[in-house]
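Residues per chain are reported as follows:
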Amino acid sequence: MKKGQEYEGVVERVDFPGKGIVQTGEGSVTVKHSLPGQKIKLRISKARNGKAEGRLLEVLEKSPLETGSPCSLFGLCGGCTYLSLPYGEQLKVKEAQVKRLLDSALDRQEGGWTWEGIKKSPIAYEYRNKMEFSFGDREKDGELMLGMHSRGSFYDIVSVEDCKLVDADYRRILTAVLSYFRSQGVGYFHKLSHAGYLRHLLVRKASRTGEILVALVTSSQAPWSREPAPDTGQIKDGEERKTGSEEELIRGFLDILLALERTKQLQGKYAGILHIINDSQADVVQSDYTDILYGQDFFYEELLGLRFKVSVFSFFQTNTHGAEVLYQTAREYVGDMGGQDKIVYDLYSGTGTIAQIMAPVARKVIGVEIVEEAVKAARQNAIENGLDNCAFIAGDVLKVLDTIEEKPDFIILDPPRDGIHPRALSKIIAYGVERILYISCKPTSLVRDLEVFLESGYEVERACCVDQFPWTGNIETVCLLTGRDARQDSPSTVSNRAGTSK
């Protein structure tokens, strides 16, 4: 196969993350944005060392599994992957992806392990509790848009007033904000020239309490000019920064949001409305300066009987209902740890959700997290939940492990998508604890780290996956690892080397 050649074929399966596998007469090709069972036309975009990647040109025949999408933007918006499949079929696709990856890593494992399948999200639609919408246009110099990136595009934006991943409050807020700024003729921040005003609209809503946080993210440039303001230096806290016209613009933004609540168009209620200035050239949501226009910059969410303070930038699982399934699974895998005298490390602890859920079965839980704001929130959350056996340390896991005097009896890992730094992984293994719980949001990173654990004498005892992100290509995986000595006494150990599905 050579670059530029075109082929037709049927997608045999989809590997993580969304890589369709198509067999042609000359070999196998990987094609993104395809679904199992589709007959497609593709063009080879890369061919090297016997491997080929292709670009989807056309779906010639739909998959027999497809039943149609409830969203008019499916295929245009890059947010969803499996929205045209029934939910049960999507679960089968994701489970098979994770199982194939684990099988590939664990075929060298001496002992057997138990595969416990996939656990579905309690709700499949309108489950997200956070969205970062982007301002932009769909075509060059086109009408202002607010929403998600078009599939496969870094620049084009699709307005997602029809999005099925969020509830009606998100859609009403998005529609009102977009309509307002269109009427004001305000331009967006251009990624290449770094000129413009509107950048993002961040919306968070607590699934249990119904509280809503809205943050408009703009540059410090003049709202009606695509040229940089004369002074675009770093803004200091408390510095006067608004012109009269910008004040009127932001006051109008606040008024249209408050009108939604006042006229009872929202099911929830505002906890706070913010204006965030971000002059970073990177396309990320961060704050150089934050102005609280209304209310406060946080809300409270409830999870498994605990209460958590969530700010604009706090890490919190984006599917509250699915997170309860995930953390209940983690708590079940941990068990009673052989008594309540154990020291537990919760590494990559975020706002301390897992640590606080594990606190009742431990003498002490020590959380380590690199984001200082998350650590502050974790400490406050533990106090509000009446937990005095949780300690949280701000810093890089790689460095912090050298400073903790208390050694762990049990380790819980919930790293970012790229997995664990190799040197940090070596330090974790060196503790020699009998059991480690690994929660992963990227199974390919998990498999890479599992290979190191296997080489160091650990084995997987049981594993499952949890669908935290219906219709997208993402999936959470939970693995319980044990040292070979500990496995001899474990009732969960089974004889099937490849794992048994339940």
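Right, let's walk through the structure included here.

Rules used throughout
- In this convention, every chain numbers its residues from 1, walking through the sequence in written order.
- Given that this is a predicted model, residues contribute local features only at a pLDDT of at least 70 and side-chain atom pairs are listed and counted only at 80 or more, while totals for whole chains, interfaces and linings are drawn from all residues.
- The basis for every side-chain value is the complete set of heavy atoms in the structure, and neither hydrogens nor water enter the calculation.
- Criterion used throughout: strands pair if DSSP finds at least two bridges between them.
- We count a stretch as a helix when DSSP gives it H or I for four or more residues in a row; a strand needs E for two or more, and each element gets its number in order from the N terminus.
- When the strands point away from the viewer and the connection leading from the first strand across the helix to the second strand turns clockwise, the crossover is called right-handed.
- Grouping buried Ala, Val, Leu, Ile, Met, Phe, Trp, Tyr and Cys residues that are joined through side-chain atoms within 4.5 Å yields what is termed a nonpolar core.
- Each residue gets one of three labels from its accessible area relative to the maximum for its type: buried under 20%, exposed over 50%, partly exposed in between, using a 1.4 Å probe on protein chains only.
- Pairs of residues are marked as contacts when any of their non-hydrogen atoms sit within 4.5 Å.
- The charge count includes Lys and Arg as positive and Asp and Glu as negative, but it does not include His or the ends of the chains.
- Any Lys or Arg side-chain nitrogen found within 4 Å of a carboxyl oxygen on Asp or Glu counts as a salt bridge.
- Under the rule applied, a polar contact is a pair of N or O atoms within 3.5 Å (in protein, one hydrogen donor and one hydrogen acceptor; residues adjacent in sequence only if both atoms are side-chain atoms).
- Convention adopted: a line fitted to C-alpha atoms gives each axis, helices being fitted over their contacting stretch, and angles between N-to-C directions are expressed from 0 to 180 degrees.

Alignment of strand β17 (residues 364-369) against strand β18 (residues 390-394), held across five bridges, turns out to be parallel. The partner of Val 365 across the bridge, within β18, is Cys 390. Traced from β17 through helix α6 (residues 372-384) to β18, the parallel crossover comes out right-handed.

Let us now look at the nonpolar core. Core analysis: the biggest nonpolar cluster contains 89 residues, and Leu 102, Ile 173, Phe 181 and Leu 201 have the highest contact counts within it. The contact partners of Leu 201, leaving out residues within four places of it in the chain, are Met 131, Glu 132, Phe 133, Phe 135, Leu 146, Ile 173, Leu 174, Val 177, Val 214, Ala 215, Leu 216 and Phe 253. Core analysis: the next-biggest nonpolar cluster, separate from the first, contains 46 residues, Phe 299, Val 344, Met 358 and Val 365 among them.

Moving on, we come to the side chain of Arg 204. With respect to the helices and strands, Arg 204 occurs in strand β10 (residues 198-205). No salt bridge forms around the buried Arg 204; measuring N to O, its nearest opposite-charge neighbour Glu 132 is 7.3 Å away. Within the structure, Arg 204 has its side chain in polar contact with the backbone oxygen of Ser 311 (distance 2.9 Å). Within the structure, the side chain of Arg 204 is placed 3.0 Å from the backbone oxygen of Val 312, a separation counted as a polar contact.

Looking at the element boundaries, Ser 134 is found in strand β7 (residues 130-137). Its relative accessible area of 6% is what places Ser 134 among the buried residues. Setting aside residues up to four positions removed in sequence, Ser 134 forms contacts with Met 145, Leu 146, Gly 147, His 149, Ile 157, Arg 199 and His 200.

Before going further, it helps to examine the sheet that holds strand β22 (residues 476-483). Read from one edge to the other, the open sheet built from eight strands follows the order β6-β21-β22-β20-β19-β16-β17-β18, with strand pairing classed as mixed. Of all the strands in the sheet, just β6 (114-119) and β18 have a single pairing partner and so form its edges. The average undirected angle you get between the axes of adjacent strands in this sheet is 15°. The pairing of strand β19 (residues 410-413) with strand β20 (residues 435-440) spans four bridges and is parallel. Looking at the pairing, Phe 410 lines up with Arg 435 of β20. Along the sheet, α6 contacts β17 and β18; its crossing angle with β18, the most-contacted strand, is approximately 165°.

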